[in-house]
Amino acid sequence: MKSPPLALYAHFPWCVQKCPYCDFNSHTLREELPEERYIDALLRDLASQLPEVDVQPLTSVFLGGGTPSLFSPAAIGRLLDDARAKLGFVEGIEITLEANPGTIERGKFAEYRAAGVTRVSLGAQSFDARQLKLLGRIHSADETRRAADELHAAGLENFNLDLMYALPGQTAEEAQADLKAALALHPAHLSQYHLTIEPGTLFAAAPPVQPADEIVDEMLDLSLQTLREAGFEQYEVSGYARSGARCAHNLNYWEFGDYLGIGAGAHGKLTYASRGFAVRTQQTREPRRYLAADPRALTRKHISIRDLPFEFAMNGFRLVEGFAEELFEARTGLPNSVLEGALSSLLARGLVERGRNRWRATPKGFRFLNEILVELLPETEASATP
Ligand SMILES: C[S@@+](CC[C@H](N)C(=O)[O-])C[C@H]1O[C@@H](n2cnc3c(N)ncnc32)[C@H](O)[C@@H]1O
Ligand code: SF4
């Protein structure tokens, strides 16, 4: 087991208004944003987790939410300056800020850029006024267009647009129109998420009618074709990028790298290479409690030797290019042989393929990723039991 690259995830748990489909740790902001206090808490959190890691320059930072763009560029800059001082940044580091188009005033992106942000992920979701209303979004399609113009003007060309599909009553043509409207804004990266009904959300209480599977398949086929024609390559289940614009932070998750997770409800993953194990960390979810809490209250959970291969493969198979056998051994400290049984069975079923010491899902396997995961779970549990 070797020390993997180290990234930083910081969570910002407030939104102007909670969307009815969303089960992220995000809360409607009902009072003034406790900006200074929250950044102070993030800095304390980072300081208290530092002894857990081999100090090394961060390979990426992701400021996610909730809605981090509710925070001022000065506040974001304070966090980034502190992280740089404590850990350092690799040359050309990717620093992503998630932004809601309804929270962007003129000139704000230029200030985020000056504060150190190098990439923005904008939650467009749809360009259809009816859908935006149904989804409880606080912005119009024109506000998304204005935010994209601001990104180009600020020199932040490296931006992502989040789109959702399989929306209530949506036709394949409407999903195409959304995609084309997104591409017209010249993003470098596009994330397309199938709208899922998550337990505990307003949509779970009153589920909207979503399009039938055949229509969703047609949406996916059409979108892949349109994205290819526009110069985008699919590199992950939901991720499409122009050349050189893949998201380094998400790649680090899928390649089973390490990341510190700070902020309310943030998750992290840390490897103790010399001691041969890895842990998952989680912070207190509720923002008020997080603000009040001792950051040392972080919970840690061992990733057991039985779960390691499954967790690694679950991430690796999300990538179109799959994973290298060498990476499996480096990240888990286990020989490839622990995956052998499951992989040969998946190979026989035509769900995965092997080439040049790499494993990846076949196009069929990629569509039925869950089947791959189910196959991996019992096998790895059986074979890795000490
Ligand atoms: C944390 S949010 C992004 C940033 C910002 N909060 C916003 O919504 O503009 C991450 C993305 O996850 C996607 N998402 C959230 N809930 C989802 C769900 N139930 N089904 C599919 N995608 C979802 C949305 O596309 C959203 O932009
Ligand atoms: S989708 Fe984004 S804006 Fe909506 S509640 Fe979730 S985190 Fe907040």
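Structure's up top.
Note that the coordinates shown come from a computational prediction; the quantities given were computed from them, not determined experimentally.

1. Points about helix α11 (residues 307-316)
For step 1, the next point in the chain: Summarising burial for α11: eight of the ten residues are buried, a large majority.
For step 2, the next point in the chain: Looking only at α11, the buried set comprises Leu308, Pro309, Phe310, Glu311, Phe312, Ala313, Asn315 and Gly316.

2. What to know about the site of ligand 2
For step 1, the next point in the chain: Close to ligand 2 lie Cys15, Lys18, Cys19, Tyr21, Cys22, Ser26, Gly66, Thr67, Asn100 and Arg137.
For step 2, the next point in the chain: A per-class count over the shell around ligand 2 returns four nonpolar, four polar and two charged.

3. Structural notes on the site of ligand 1
For step 1, the next point in the chain: Of all residues adjacent to ligand 1, which total 18 residues, the nearest are Gly66, Gln125, Arg137, Asp162 and Thr196.
For step 2, the next point in the chain: A distance of 2.7 Å is found between an oxygen atom of ligand 1 and a side-chain nitrogen or oxygen belonging to arginine 137.
For step 3, the next point in the chain: The contact in question runs from a nitrogen atom of ligand 1 to an N or O atom on the backbone of threonine 196, over 2.9 Å.
For step 4, the next point in the chain: Contact with the protein chains covers 92% of the free accessible surface of ligand 1, which is 560 Å².
For step 5, the next point in the chain: Mapped by element, the contributors of at least two residues to the shell around ligand 1 are β5 (89-99), β6 (119-125), β7 (159-165) and β8 (189-194).
For step 6, the next point in the chain: Classifying every residue of the shell around ligand 1 gives six nonpolar, eight polar and four charged.

4. A short note on the pairing of strand β17 (residues 358-361)
A regular strand places its side chains on the two faces of the sheet in alternate fashion.
For step 1, the next point in the chain: Only one face of β17 is buried: it carries Trp359 and Ala361, and the other face, with Arg358 and Arg360, is open.
For step 2, the next point in the chain: Sheet topology places strand β15 (residues 323-324) next to β17; two bridges connect them, and they run antiparallel. By the bridge assignment for β17, phenylalanine 323 is matched with tryptophan 359.
For step 3, the next point in the chain: Here strand β16 (residues 352-355) pairs with β17 via four bridges, running antiparallel. In the sheet register, glutamate 353 faces β17, and the bridge partner there is arginine 360.
For step 4, the next point in the chain: Joining the antiparallel neighbours β16 and β17 is a turn of two residues, in which arginine 356 adopts a positive phi near 45°.

5. Details of the side chain of glutamate 325
For step 1, the next point in the chain: In this structure, glutamate 325 sits in helix α12 (residues 325-332).
For step 2, the next point in the chain: Overall, glutamate 325 belongs to the buried group, its relative accessible area being 14%.
For step 3, the next point in the chain: A polar contact is formed between the side chain of glutamate 325 and the side chain of arginine 354, at a distance of 2.8 Å.
For step 4, the next point in the chain: Those residues within four positions of glutamate 325 in sequence are excluded, and the remaining contacts are Asn336, Arg354, Asn357 and Trp359.

6. What about empty space enclosed by the protein?
For step 1, the next point in the chain: Scanning the model with the defined rule gives two cavities of 30 Å³ or more in all.
For step 2, the next point in the chain: Here the largest cavity defines a volume of roughly 100 Å³.
For step 3, the next point in the chain: Residue lining of the largest cavity: 14 residues in total, with Tyr165, Ala175, Leu179, Gln192 and Ser223 positioned closest to the centre.
For step 4, the next point in the chain: Top element by residues in the lining of the largest cavity is helix α6 (residues 172-183). It accounts for five residues.
For step 5, the next point in the chain: Its residues assigned to classes, the lining of the largest cavity comprises nine nonpolar, four polar and one charged.
For step 6, the next point in the chain: Quantified by volume, the second largest cavity comes out at close to 70 Å³.
For step 7, the next point in the chain: If you go around the second largest cavity, the residues you meet are Ser3, Pro4, Leu6, Glu52, Val53, Asp54, Gln56, Asp258, Leu270 and Thr271.
For step 8, the next point in the chain: Classifying every residue of the lining of the second largest cavity by side-chain character gives four nonpolar, three polar and three charged.

7. Looking at the environment of arginine 318
For step 1, the next point in the chain: As for its position among the elements, arginine 318 is in the loop between α11 and β15.
For step 2, the next point in the chain: According to the relative accessible area criterion, arginine 318 is partly exposed, its value standing at 27%.
For step 3, the next point in the chain: Residues arginine 318 and leucine 251, 67 residues apart in the sequence, show an inter-C-alpha distance of 10.0 Å.
For step 4, the next point in the chain: With near-sequence residues (within four places) excluded, arginine 318 lies in contact with Tyr235, Glu236, Val237, Ser238, Trp254, Phe366 and Leu369.

8. Re unusual backbone geometry
In terms of backbone geometry, most residues other than glycine have negative phi values and most peptide bonds are trans.
For step 1, the next point in the chain: A cis geometry characterises the amide bond from glycine 65 onward to glycine 66, with omega recorded as 15°.
For step 2, the next point in the chain: In the Ramachandran plot, histidine 186 falls in the positive-phi region, its phi being about 55° despite a non-glycine side chain.
For step 3, the next point in the chain: Inspection of the secondary structure puts histidine 186 in the loop between α6 and β8.
For step 4, the next point in the chain: Phi is positive for asparagine 357, close to 60°, though the residue is something other than glycine.

9. A word on the side chain of arginine 331
For step 1, the next point in the chain: Mapped onto the elements of the fold, arginine 331 is located in helix α12.
For step 2, the next point in the chain: Comment: no salt bridge for buried arginine 331; closest opposite-charge side chain is glutamate 255, at 5.1 Å.
For step 3, the next point in the chain: Leaving out residues up to four positions away in the same chain, arginine 331 has contacts with Met1, Pro4, Pro5, Glu255, Phe256, Gly257 and Phe312.

What counts, and where the lines are drawn
- Residues numbered from 1 in each chain as written.
- Chains lettered and ligands numbered in written order.
- Predicted model: local features only at pLDDT ≥ 70, side-chain atom pairs only at ≥ 80, totals over all residues.
- Heavy atoms only, no water.
- Buried < 20%, exposed > 50% of the residue type's maximum accessible area, 1.4 Å probe, protein only.
- Helix = DSSP H or I, 4+ residues; strand = E, 2+ residues; numbered from the N terminus.
- Near = heavy atom within 4 Å.
- Nonpolar A, V, L, I, M, F, W, Y, C, P; charged D, E, K, R; others polar.
- Polar contact = N/O pair within 3.5 Å; in protein donor to acceptor, adjacent residues only side chain to side chain.
- Areas by Shrake-Rupley, 256 points an atom, 1.4 Å probe, with all protein chains shown as cover.
- Pairing = 2+ DSSP bridges.
- Contact = heavy atoms within 4.5 Å.
- 1 Å grid on protein atoms, 1.4 Å probe; cavity = no way out; pocket = protein on both sides within 12 Å on 5 of 7 lines; lining within 4 Å.
- Points joined across faces, edges and corners; volume = space filled by probe spheres on them.
- Lys, Arg positive; Asp, Glu negative; His and termini not counted.
- Salt bridge = Lys/Arg side-chain N within 4 Å of Asp/Glu carboxyl O.

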